[in-house]
Amino acid sequence: MSVLPEGFVYIRDVIPTAYEDIRYAGSHNFVGCPVDGYLAPRGVLRTEAAMALKTAADAFQKQGLFLLIYDAYRPQRAVDHFVLFPRGYIAVYSGHSRGMTVDLTLTDRDGTPLDMGGEFDWFAKISSHDYEDLTPAQKANRRLLRETMLAAGFEDYSEEWWHYTLPSDAPKVYYDFPIE
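None of these values were measured; they are calculated from a predicted model. (Residues numbered from 1 in each chain as written. Predicted model: local features only at pLDDT ≥ 70, side-chain atom pairs only at ≥ 80, totals over all residues. Heavy atoms only, no water.)

Trainee: Help me understand the nonpolar core, please; the structure alone is not making it clear to me.
Mentor: Ranked by size, the top nonpolar core spans 47 residues in total, and within it Leu-53, Leu-67, Val-102, Leu-104, Leu-145, Met-149 and Phe-154 carry the most contacts. Of all the secondary structure elements, the ones that give two or more residues to this core are β1 (8–10), α1 (11–14), β3 (44–46), α2 (47–61), β4 (66–71), β5 (101–107), α4 (136–151) and β7 (160–165). Among the elements that take part in this core, α2 stands out by supplying seven residues, more than any other. Those residues within four positions of Met-149 in sequence are excluded, and the remaining contacts are Leu-53, Ala-56, Phe-60, Val-102, Leu-104, Phe-154 and Tyr-164. (Core = buried A, V, L, I, M, F, W, Y, C linked by side-chain atoms within 4.5 Å. Buried < 20%, exposed > 50% of the residue type's maximum accessible area, 1.4 Å probe, protein only. Helix = DSSP H or I, 4+ residues; strand = E, 2+ residues; numbered from the N terminus. Contact = heavy atoms within 4.5 Å.)

Trainee: What's the story with the packing of aromatic side chains in this structure? I'm lost.
Mentor: Aromatic rings in a pair are described by how distant their centres are and how their planes are angled relative to each other. Tallying each qualifying case throughout the model produces 11 aromatic pairs. Judged by centre distance (6.2 Å) and plane angle (55 degrees), the ring pair of Tyr-24 and Phe-120 falls under tilted. A residue pair is termed long-range when its members are at least 10 positions apart, and Tyr-24 in the loop between β2 (19–20) and β3 and Phe-120 in the loop between β5 and α4 qualify at 96 residues. You'll find Tyr-24 and Phe-120 in the same group, each marked buried. Note that Arg-42 overlies the ring of Tyr-10, its terminal NZ or CZ placed 3.6 Å from the centroid. It is Arg-46 that lies over the ring of Phe-8; its NZ or CZ is 4.9 Å from the centre. (Phe/Tyr/Trp six-rings, centres within 6.5 Å; stacked < 30°, edge-to-face > 60°. Lys NZ or Arg CZ within 6 Å of the ring centre and 35° of its normal.)

Trainee: How should I be thinking about the pattern of salt bridges in this particular structure?
Mentor: Charged atoms that come close allow side chains of opposite charge to pair. Under the defined criterion, the tally for this structure stands at eight salt bridges. Note that Arg-46 is salt-bridged to Glu-48, the shortest N-O span being 3.9 Å. Each of Asp-71, Arg-74 and Asp-103 takes part in a single network of salt bridges with overlapping partners. (Salt bridge = Lys/Arg side-chain N within 4 Å of Asp/Glu carboxyl O.)

Trainee: In this structure, what is going on with α4? I would like to understand it.
Mentor: Side chains of residues three or four places apart in an α-helix project in the same direction, reflecting 3.6 residues per turn. Look at α4: 22 Å from first C-alpha to last across 16 residues, which is about the 22 Å you get at 1.5 Å a residue. Looking only at α4, the buried set comprises Gln-138, Asn-141, Arg-142, Leu-145, Thr-148 and Met-149. On an axial view of α4, the arc spanned by its buried residues comes to 140 degrees, and they lie on one face. Residues Pro-136 and Ala-151 are exposed on α4 and point more than 90 degrees away from its buried face. At the C-terminal side of α4, Gly-153 shows a positive phi close to 105 degrees. (Expected span 1.5 Å × (residues − 1). Arc of directions from axis to C-beta.)

Structure (structure tokens):
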């Protein structure tokens with residue numbers, strides 16, 4: 001295991017029950033290939049974000065549910081790797097590069113993702129929190145994820161049901177160390 005910069009932790013060290021499917025470390029993502037800076041499929045966050053995420057994970061676990069992490073800290077070189085896609089230009093800087101943002105969903109005990117009515121990184125209206133054309137179960141799953149993450153201190157991004165950021169007054173530093 002590599003040594004992380006001070007103030008960062010591997011998510012699985014804080015939440016051993018979390019599943020990880022770090023999409024940018026492989027080809028199952030919107031760019032179709034591994035992204036620069038992802039040398040291993042491991043979730044990394046700033047310690048305070050990981051501890052807030054543990055609060056959410058503990059609440060989910062009481063209901064027999066577990067976290068599935070798609071992305072967390074993202075090296076700046078990965079943001080630079082992204083290209084134009086149909087929705088528009090990806091920001092030059094990402095909150096992920098601050099280590100305070102996580103992309104995730106929920107799973108059952110066997111690691112099977114709950115049906116959220118849309119896939120991770122599906123950049124279309126169906127991904128927004130207020131999308132109406134979902135089944136009652138899909139709406140309930142999204143609502144459970146959102147309400148629990150908000151209760152743990154995270155803020156949502158209205159266009160992506162999977163995207164949550166822990167607010168911070170810390171200076172906006174965008175990191176670029178690789179994930180190993």
